[in-house]
Amino acid sequence: MTVKPRKVVIIGAGHVGSHVGSSLILREIADEIIYIDIDKNKAAAHALDQYDSISAMSLNTMVRVGDYSDCADADIVVMSVGLQPVPGKTRLEMFDDTMEILQDVVPKLKNSGFNGIIVSISNPADIIADYIRKRLDLPENHVFSTGTTLDSCRLKRVLSEKTGYNRNSIQAYCMGEHGDSSMVPFSHVYFGGKSFDDMVKENPDTLGKISKDEIIGEVRQGGFDIVNGKSCTEFGIGLAACEIVRAVLRDEKRVMPVSVLLNGQYGQTGVSAGVPCVIGKDGVEEIIEISLTPEEKAAFDHSCDVIKSYIEKADKW
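Note that the structure is a prediction, hence the values are computed from the model and not measured.

1. Comments concerning the overall build of the chain
Link 1 in the chain: What the chain contains, in helices and strands, is nine helices and 12 strands.
Link 2 in the chain: For 317 residues, the compact-globule formula gives about 20 Å, and the C-alpha radius of gyration of the chain, at 19 Å, lands near that figure.
Link 3 in the chain: Burial analysis of the chain (317 residues in total) assigns 53% to the buried set.
Link 4 in the chain: Considering only intrachain contacts with a sequence separation of at least 6, the fraction spanning at least 24 residues in the chain is 71%.
Link 5 in the chain: Total accessible area on the chain is roughly 13,900 Å²; 49% of this is exposed by carbon and sulfur atoms.
Link 6 in the chain: Of the side chains in the chain, 34 bear a positive and 46 a negative charge, and the two mean positions are spaced by 1 Å.

Encoded structure:
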C-alpha cells in the first residue's frame, strides 16, 4: 500500500496565502505545500522562509514554489488571489479587481486537470467561490469559500468581551455574506448550552444591557479596524482557512459556517452564502438548516439578495 502525501496548493502568496501556509505547517496538517503567485520571487521567498522554519520542528513538510501543473494531483487548492485591501473600501468594492485576476488564474487551473477541493478566500468571498465553481465545473460541495467562518470567530470574540465568558464556551455563527450584510441568528447563540436570550432574561441588569445591534456592528467593523490599522488582514483568516483545510484532510465531520451553493435550503436557490455545514473528506458533506425567527430569516434573505446581485454581475464576465 502506498500512502499519498497530503498536498495543498496555495494560489496567491500574499499576506493571507502565506499565513495559511504558515498555519498549515505549525498545525502539522499538510505534507506538501506549494505556492503559486504571479510574483514568483516573492512566492519562492515565502516558501524558503517557511521551509527553513521546519528545521526547528519535528516535521518533514515540503514547502516550495511551483506552477499550475502542481495542481493536477493536489488534494486542496486554496484560492487567495486579490489585491491588498484598501482602507475604507468594502469587500464588494474589490469585485472588479479580483474578477480581472481570475480571468488569468481560472483557465490555468482548469487546464491543469485539478479535480480536488477548492477553499476560496478571495473577496468578495461568496461571489468569487460561486464564479470559480461554475467555470471549473466541479461538484457543488467541492468548491466553497471560508464564508462567515472568520466573521463567526469575531462574533465569539465580541460576545466574550461583552459577557465575560470564555469564547471557547460560546456557540455562535454569523450567516449570509462575508461582508456588511452578514447576520447573526441570536436564537442559536449558546453559552455552555444555555441560550443567549434566556441568559439575558435572567440577568437584566448585566447581560440585558447588551445591544444585539451593537454586537453585529462590531463584528462587521472588525475587519475594517484591522485594515485601517495595518492595511491588511492575515492572521485570523489564515488560521480560519487552515481549520477548514484540516477538517477536509482529516475528515473531521466538523460543523463550520462556510459559503456553499444553496439548493432550497433556507428557502434560497442559486446563491452561495455562509451557513453551518459539515466539513469532511468530501468537502461540504451536509448543509445544516437551523430554524430562524422571522426577523432572522428576513436578515438572511436580505444578505442573500446582496450576494445574488453580484453573482449576476459575475456571470456576465
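2. Observations concerning the sheet that holds strand 8 (residues 190-191)
Link 1 in the chain: The strand order across the open sheet built from three strands is 7-8-9, with neighbouring strands paired in antiparallel fashion. Taken across any chain shown, the strands that pair with only one partner, and hence form the sheet edges, are strand 7 (170-171) and strand 9 (194-195).
Link 2 in the chain: Taken together, the two bridges between strand 8 and strand 9 define a ladder with antiparallel strand orientation. Considered in strand 9, the bridge of F191 is made with K194.

3. Brief notes about the nonpolar core
Link 1 in the chain: Residues I11, L109, I118, F144 and F300 are the most contacted members of the largest nonpolar core, which totals 79 residues.
Link 2 in the chain: Setting aside residues up to four positions removed in sequence, I118 forms contacts with V77, M79, L109, I132, L136, L138, H142, V143 and F144.
Link 3 in the chain: Core analysis: the next-biggest nonpolar cluster, separate from the first, contains 17 residues, A172, F186, V189 and M199 among them.

4. A few points about the pattern of salt bridges
Link 1 in the chain: Evaluation of the coordinates by the stated rule reveals 23 salt bridges.
Link 2 in the chain: Measuring nitrogen to oxygen at the nearest pair gives 3.2 Å for the salt bridge that ties K4 to D75. Separated by 71 residues along the polypeptide, K4 in the segment before strand 1 (7-11) and D75 in the loop between strand 3 (62-65) and strand 4 (76-79) bring together distant segments of the chain.
Link 3 in the chain: Residue classification places D75 among the partly exposed residues on the basis of a relative accessible area of 25%.
Link 4 in the chain: Among the salt bridges present, the one from R246 reaches E252, with a minimum N-O distance of 3.1 Å.
Link 5 in the chain: Members of the salt-bridge network, linked through shared partners, are K7, E32, R64, D70 and D73.

Calculation rules
For every chain, the first residue of its written sequence is number 1, and the numbers climb from 1 along that sequence. Local features are withheld for residues below a pLDDT of 70 in this predicted model, meaning they are given only at 70 or higher, and side-chain atom pairs are given and counted only at 80 or more; totals for whole chains, interfaces and linings count all residues. Water and hydrogen atoms play no part in the side-chain values, which are based on all heavy atoms of the structure. In this text, helices come from DSSP runs of H or I with a minimum length of four residues, and strands from runs of E with a minimum of two, each type numbered from the N-terminal end. Throughout, radius of gyration means the C-alpha value; the globule benchmark is 2.2 Å times the number of residues raised to the power 0.38. The buried label goes to any residue with under 20% of its type's maximum accessible area, the exposed label to any with over 50%, and the partly exposed label to all in between, with areas taken from a 1.4 Å probe on protein chains only. Contact between two residues is taken to exist if any of their heavy atoms lie within 4.5 Å; hydrogens are not considered. Computed with the Shrake-Rupley method and a 1.4 Å probe, the accessible areas treat only the protein chains shown as cover for residues. We score Asp and Glu as negative and Lys and Arg as positive, and we do not count His or the chain ends. Charged groups are reduced to one reference atom each: NZ for lysine, CZ for arginine, CG for aspartic acid, CD for glutamic acid. Paired strands, as defined in this entry, are two strands with at least two bridges between them according to DSSP. Here, the term nonpolar core denotes a set of buried Ala, Val, Leu, Ile, Met, Phe, Trp, Tyr and Cys residues that are joined through side-chain atoms within 4.5 Å. Counted as salt bridges are all cases of a side-chain nitrogen of Lys or Arg within 4 Å of a carboxyl oxygen of Asp or Glu.

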